[in-house]
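# Fold and geometry: a report
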Amino acid sequence: MFTSGIEFVRPNERGEYEVAEGMSATVFRSILDYYNHGVIRCPPTVSVQELREACDYLLVPFDASTVKCQNLRGLLHELSNEGARAQMEKFLEELVLPLMVASARRGDRECHVVILLDDDFVDWDEKYPPQMGEEYSQTVNSTAMYRFFKYIENRDVAKQVLKERGLKKIRLGIEGYPTYKEKVKRRPGGRSEVIYNYVQRPFIHMSWEKEEAKSRHVDFQVTK
């Protein structure tokens, strides 16, 4: 905490360091057991989330080998959050970032990514493409990423990771995506209506600009 170069703590006006300010004595006492026995036993009156936040602050490892508690649901939930964060960082760097860079090189300021399964195939008819909007989406085929985004909790973690990386206007959810043309209907007047097969797939939408369609030019007045 004091030698890493990161300001985890700051001295007060007397040059003193206040460690664990706002942390309950019960939590602090439990974490001190780590240095005596190598194990933290979570008291039943303390939430696992509170204990994890205290461990993060005091730079004590939080995992199944160091934390023992009666509330397995709470423990596994926090461990899943840690795993989801690491998984999302990997998905972001390996699968999503290249698509964002491609959008930026086209001059776009945002990116809409649809996550398809590994065996999903997209076959759009050039003569009868889907309705307007889908052509601006980018896709990534990853069954692992599809399974990851099925969980609401993972989507919450993913959104937090994207926020921490400085992205704006983040939206995550499930939407229909056209895969292939099923048939073409002839409407009165000779107009054709194409019907596509839609599948429900997760999507990520984010921007790297704070505002869109907002003028930033300088206005000049003409004076006599």
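Refer to the structure presented above.
We now turn to the structure provided with this report. As the structure is a computational prediction, the values presented were derived from the model and not from experiment. (Residues numbered from 1 in each chain as written. Predicted model: local features only at pLDDT ≥ 70, side-chain atom pairs only at ≥ 80, totals over all residues. Heavy atoms only, no water.)

### Structural notes on the packing of helix 3 (residues 72–105) against helix 5 (residues 152–164)
Here helix 3 crosses helix 5 at 55°, and the two axes come no closer than 9 Å. In terms of axis orientation, helix 3 runs oblique to helix 5. The handedness of the crossing between helix 3 and helix 5 is right-handed. From helix 3, His77, Asn81, Ala84, Arg85, Met88, Glu89 and Leu92 reach across to helix 5, where they touch Glu153, Asn154, Val157, Ala158, Gln160, Val161, Leu162 and Glu164. Among the residues forming the contact of helix 3 with helix 5, the class breakdown is seven nonpolar, four polar and four charged. (Axes fitted to C-alpha atoms, helices over the stretch in contact; angles between N-to-C directions. Helix = DSSP H or I, 4+ residues; strand = E, 2+ residues; numbered from the N terminus. Parallel < 35°, antiparallel > 145°, perpendicular 65-115°, else oblique. Left-handed = near helix turned anticlockwise from the far one by under 90°. Contact = heavy atoms within 4.5 Å. Nonpolar A, V, L, I, M, F, W, Y, C, P; charged D, E, K, R; others polar.)

### Topic: the sheet that holds strand 6 (residues 192–207)
Spatial ordering of the open sheet is given by 4-3-6-5, a layout of four strands whose pairing is mixed. The sheet terminates laterally at strand 4 (138–141) and strand 5 (168–186), the two strands that pair on one side only. Going from strand to strand, the sheet's axes swing by 40° on average, the running direction of each strand aside. When strand 3 (residues 110–116) meets strand 6, the two strands line up antiparallel, connected through five bridges. Looking at the pairing, histidine 112 lines up with histidine 205 of strand 6. (Pairing = 2+ DSSP bridges.)

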